[in-house]
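Coordinates in review
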There are 2 protein chains.
Amino acid sequence: MTTSELYNSYREQMRRVADIKFSSALLQWDQETYLPVKAAAIRGQQIATLSELAHQLFTDEKLGSVLNELKQREDLAENDKKNVDLTFEDYTKNKKYSSEFVRKMSEQVNKTFHAWIEARKQDSFPVFENKLDTLIDLKKQETDILGYEKHPYNALLNEFEKGCTVDLLDKTFTGLLPSLKELLDRITKKEQVDNSFLKQHFPKQDQWSWGMHLIKKLNFDFNAGRQDISEHPFTINFSSTDVRITTRVDENNFSNMTWSCIHETGHALYEQGLPENQYGLPLGEAASLSMHESQSRLWENNVGRGLSFWRYYLPELQQYFPKQLGNVSLHTFYKGINKVEPSLIRTEADEVTYHFHVYIRYELEKRLIEGSIKTKDIPAFWNEQYKKYLGISAETDKKGCLQDIHWSHGSFGYFPTYSLGSFYAAQFYSFAKQNIAGLDDQLEHGKTENLLHWLRDNIHQYGRKYTSEELCSKITGKPLDIAEFMAYLLHKYTRIYNL
Amino acid sequence: MTTSELYNSYREQMRRVADIKFSSALLQWDQETYLPVKAAAIRGQQIATLSELAHQLFTDEKLGSVLNELKQREDLAENDKKNVDLTFEDYTKNKKYSSEFVRKMSEQVNKTFHAWIEARKQDSFPVFENKLDTLIDLKKQETDILGYEKHPYNALLNEFEKGCTVDLLDKTFTGLLPSLKELLDRITKKEQVDNSFLKQHFPKQDQWSWGMHLIKKLNFDFNAGRQDISEHPFTINFSSTDVRITTRVDENNFSNMTWSCIHETGHALYEQGLPENQYGLPLGEAASLSMHESQSRLWENNVGRGLSFWRYYLPELQQYFPKQLGNVSLHTFYKGINKVEPSLIRTEADEVTYHFHVYIRYELEKRLIEGSIKTKDIPAFWNEQYKKYLGISAETDKKGCLQDIHWSHGSFGYFPTYSLGSFYAAQFYSFAKQNIAGLDDQLEHGKTENLLHWLRDNIHQYGRKYTSEELCSKITGKPLDIAEFMAYLLHKYTRIYNL
């Protein structure tokens with residue numbers, strides 16, 4: 001076979017795998033948006049069957065031979081070679097899992113997800129504990145299946161962020177937390193910001209219309225995606241031409257929906273910007289989770305909590321909520337949406353305290369996986385850590401250790417990518433401001449196209465061609481530098497709090 | 001292996017096939033409700049991949065051996081034996097198709113569906129013609145693959161209605177059409193009924209609320225299903241605990257949505273009443289298309305266009321539309337919703353003229369499949385036949401041969417089951433009235449539970465255990481008798497039109 005024929009055969013097999021994976025993803029999207037309650041169990045089984053099939057197809061020996069053969073060809077184009085190399089890595093890793101294990105995991109995830117929903121309803125961790133415990137056992141088995149150096153949690157971290165380790169994260173957080181704590185202490189000593197205007201009654205339908213208006217103006221392509229309502233906001237895609245985001249509306253808290261819309265739009269713009277002709281191949285996928293998160297956070301925080309952005313959008317927003325916000329000045333609004341205050345819910349946390357939330361989850365997961373803490377001890381550990389770092393603790397599990405969907409999905413090792421995403425975002429945004437002439441002025445006029453194009457050119461178009469660190473160096477000339485993030489925070493909050 | 005182990009292995013294989021088929025069905029549901037426009041092509045490909053997989057799995061030799069072995073076991077329970085026999089029939093039929101043909105068909109159906117959407121937008125049959133022509137060629141190939149006696153169209157009819165033939169339908173329609181024509185002529189000579197109150201402006205949101213209220217009261221289980229909006233109303237299911245119906249709203253035509261809601265609810269009540277523990281097996285599936293249609297039509301027409309039904313529901317409806325319907329009397333309403341008048345759109349036709357619509361499509365399909373008419377001649381034939389039987393013809397293709405979704409789905413041989421459904425419905429309903437004490441009185445009080453239980457007991461619970469004709473004889477003591485349908489029409493319209 002010619003190299004081109006061989007590559008096409010590889011591509012065709014990958015397309016079939018992607019068709020099944022994306023079908024499974026649609027079943028999941030539906031499960032979290034529109035599924036009738038009685039169908040929960042059967043839906044779980046249907047998703048498990050597709051997961052198992054995708055796994056079988058992706059670990060098929062035929063694909064292995066094609067990959068082995070392609071690895072030896074020297075006339076592959078650069079991008080094609082990258083696809084083959086990355087697929088070979090994925091293939092080798094996936095071969096480690098048995099079909100049985102994949103099915104067991106998928107079924108357990110489903111059970112755990114529904115237990116989480118029920119536990120939240122009853123506001124009771126024990127309702128969740130049993131299923132979660134079995135899932136954690138499976139995750140431990142998974143670390144053995146995957147193999148690791150030094151710490152079993154490294155195996156799981158690596159699933160979400162290639163090359164990420166306990167050593168690296170320990171070092172990063174150790175470097176960051178004291179400065180962050182110092183900043184927080186300086187802020188809490190100052191006169192506190194008033195954000196009570198965010199906690200009036202904002203009717204659901206008006207919030208929905210406003211959110212839809214906003215994400216459209218941010219260039220979310222509604223011909224290649226949609227927004228719906230779910231328990232917990234998320235972004236999911238079934239091709240770069242079908243990228244779906246969800247949101248939730250809290251009528252008594254304006255922040256909840258608006259910044260989740262911007263956040264998920266950041267994710268979606270990345271997915272919609274991936275090359276369509278690389279469907280099912282690594283170069284058609286996002287570089288990493290931290291890179292994904294850098295996009296959502298850049299839009300949510302660096303742009304979407306910025307003064308320039310709201311100089312344009314506040315008057316528009318006031319048209320949607322004249323009674324609630326008509327008399328709020330730009331500076332009051334800007335300060336209010338950037339209020340720093342220790343709080344219980346991660347997704348509602350400000351840019352300073354957010355990373356304590358992540359750190360606590362990271363420490364907890366590390367211990368759960370190494371076995372030094374038991375599942376039943378999660379609530380106690382959780383509350384103790386919140387007390388220690390933020391000086392507060394949850395009265396109820398729903399506002400504590402039941403707040404995140406991640407564990408119910410089996411996603412252990414995911415949380416740290418949120419912080420990494422913020423750090424990358426700060427570094428990228430600082431560089432974007434130097435590179436895009438008049439960016440602030442554009443934002444003040446509601447124009448975000450140039451920023452989007454810059455992200456498309458520098459990040460989105462490459463798919464998984466480069467790792468997070470490679471992209472970071474390529475764009476900013478240096479690897480991730482935590483000082484960039486601290487500089488961003490200091491610059492911003494010095495002005496807001498007159499530090 | 002014990003018979004029980006063998007049966008479990010069969011059941012497990014069927015469950016996996018069902019998981020994939022129902023996943024594919026969800027992709028189709030999504031395609032017709034929520035899919036972003038740019039995703040059309042990739043969605044088609046994803047559905048094709050799942051169809052192909054389901055076909056591969058269902059025609060797997062391993063399933064064949066298990067079935068062959070089970071056929072020889074004499075200690076199978078009655079229902080289990082029925083499942084095995086029916087699956088063996090399906091298996092043998094499916095083995096006739098190559099995977100390649102299944103994929104080709106699925107892809108062509110997708111292209112044809114999108115061409116139909118586009119052709120309707122442009123109101124132009126030629127936009128549809130090319131894709132449809134290729135699809136018809138594939139359907140002709142399919143008749144050869146399946147094999148047939150006498151007429152190739154029999155092969156396709158048999159797909160939707162086991163045992164249905166051109167001879168049988170010719171005989172049925174030849175028996176029916178003269179009496180139907182005579183009734184129509186007698187009606188058109190009488191003073192015409194006023195239904196102008198149905199053609200006022202009925203706001204979309206109010207119609208939606210009314211429709212949701214109505215189907216809920218008809219015992220559609222929203223914990224095991226949902227209703228959404230689509231171009232063309234349909235019912236689809238992914239288990240008996242997830243049955244979804246769709247509707248469309250025409251703000252200037254009240255009839256459109258209300259009776260499509262009742263019709264699809266009739267289908268859905270059947271699916272929701274199938275035994276859950278027979279998931280993926282023949283006894284968990286509806287008996288046939290005509291039996292499905294007998295359920296939707298019984299609810300839509302025999303119940304939902306009846307005087308007793310509206311004696312209860314009109315006051316409720318008037319609360320939704322006080323301005324439009326507040327002054328309409330029960331008898332004016334009842335006569336109006338039963339107005340008989342030759343018209344262009346099948347789904348909006350009354351109970352008398354409806355069967356001319358079906359007959360014309362039946363004749364057309366028969367000729368297309370035998371090759372005595374070409375695809376390009378469809379509009380001319382269509383209009384000529386409408387002129388002949390109903391005295392009218394469509395000014396535009398959208399109101400003519402582009403009105404139905406069926407051909408774009410590759411469903412040739414489907415239409416006749418609509419008429420058969422009406423005929424069965426009349427026969428069942430006449431018998432239900434004799435069997436359920438005080439049925440009319442119950443309907444006058446908005447109570448339809450007993451009728452539903454009667455249908456569940458006599459039809460739904462059996463799945464595919466009996467054929468349409470077996471069920472008909474079991475319930476009414478005789479096979480399908482067209483005279484029952486004519487008696488129903490005569491009784492009803494003699495009163496409405498003072499014949």
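Not measured: the values here are computed from a predicted model. (Residues numbered from 1 in each chain as written. Chains lettered and ligands numbered in written order. Predicted model: local features only at pLDDT ≥ 70, side-chain atom pairs only at ≥ 80, totals over all residues.)

A count of helices and strands for chain A gives 21 helices and three strands. Counting across all 499 residues of chain A, residues that qualify as buried make up 45%. Considering only contacts within chain A whose residues lie at least 6 apart along the sequence, 72% involve residues at least 24 apart. (Helix = DSSP H or I, 4+ residues; strand = E, 2+ residues; numbered from the N terminus. Buried ≥ 20, exposed ≤ 12 C-beta atoms within 10 Å, placed from the backbone. Contact = placed C-beta atoms within 7 Å.)

For the pair chain A and chain B, the best superposition has an RMSD of 0.0 Å and corresponds to a rotation of 180° with a translation of 0.0 Å parallel to the axis. The operation mapping one copy onto its partner corresponds to a two-fold rotation axis. Residue Ser23 of chain A, judged by its C-alpha, is the member of chain A lying nearest the rotation axis, at 3.6 Å. Comparing interface residues between copies, 100% of those in chain A also sit at the interface in chain B, which points to an isologous, same-surface contact. (Least-squares fit on C-alpha atoms with pLDDT ≥ 70 in both.)

Now for the confidence of the model for chain A. In this model, chain A carries an average pLDDT of 96, and 100% of its residues clear a pLDDT of 70 or more. Predicted complex metrics record ipTM = 0.91 and pTM = 0.92. (pLDDT = per-residue confidence, 0-100.)

This part covers the packing of helix H1 (residues 3–33) of chain A against helix H1 (residues 3–33) of chain B. Orientation of H1 of chain A relative to H1 of chain B, taken along the N-to-C sense of each, is 70°, at an axis distance of 10 Å. Between H1 of chain A and H1 of chain B, the crossing angle belongs to the class labelled roughly perpendicular. When the axes of H1 of chain A and H1 of chain B are compared, the crossing they make is left-handed. Residues Ser23, Leu26, Leu27 and Asp30 of chain A of H1 of chain A lie in contact with H1 of chain B, whose contacting residues are Ser23, Leu26, Leu27 and Asp30 of chain B. In terms of residue class, the contact of H1 of chain A with H1 of chain B is made up of four nonpolar, two polar and two charged. (Axes fitted to C-alpha atoms, helices over the stretch in contact; angles between N-to-C directions. Parallel < 35°, antiparallel > 145°, perpendicular 65-115°, else oblique. Left-handed = near helix turned anticlockwise from the far one by under 90°. Nonpolar A, V, L, I, M, F, W, Y, C, P; charged D, E, K, R; others polar.)

As a measure of interface size, the accessible area lost when the parts come together is often cited. With 29 residues of chain A in contact, the opposing surface of chain B contributes 29 residues. When contributions to the side of chain A that touches chain B are tallied by element, the ones reaching two or more residues are H1, helix H2 (40–58) and strand S1 (225–229) of chain A. Considering each element in turn, the side of chain A that touches chain B owes the most residues, eight residues, to H1 of chain A. Looking at the side of chain A that touches chain B residue by residue, the classes come out as 15 nonpolar, eight polar and six charged.

A separate point is the nonpolar core. Core analysis: the largest hydrophobic core is formed by 157 residues, its most contacted members being Tyr424 of chain A together with Tyr424 of chain B. Residues in contact with Tyr424 of chain A, not counting those within four places in the same chain, are Ser290, Met291, Ser294, Ser468, Cys472 and Leu480 of chain A. (Core = buried A, V, L, I, M, F, W, Y, C linked by C-beta atoms within 7 Å.)

Attention shifts here to the environment of Glu370 of chain B. Residue and element names in this part refer to chain B. Looking at the secondary structure, you find Glu370 in helix H15 (residues 354–370). Between the C-alpha atom of Glu370 and that of Tyr153, which follows or precedes it by 217 residues, the distance is 7.1 Å. Leave out the neighbours within four places in its chain, and Glu370 touches His151, Pro152 and Tyr153.

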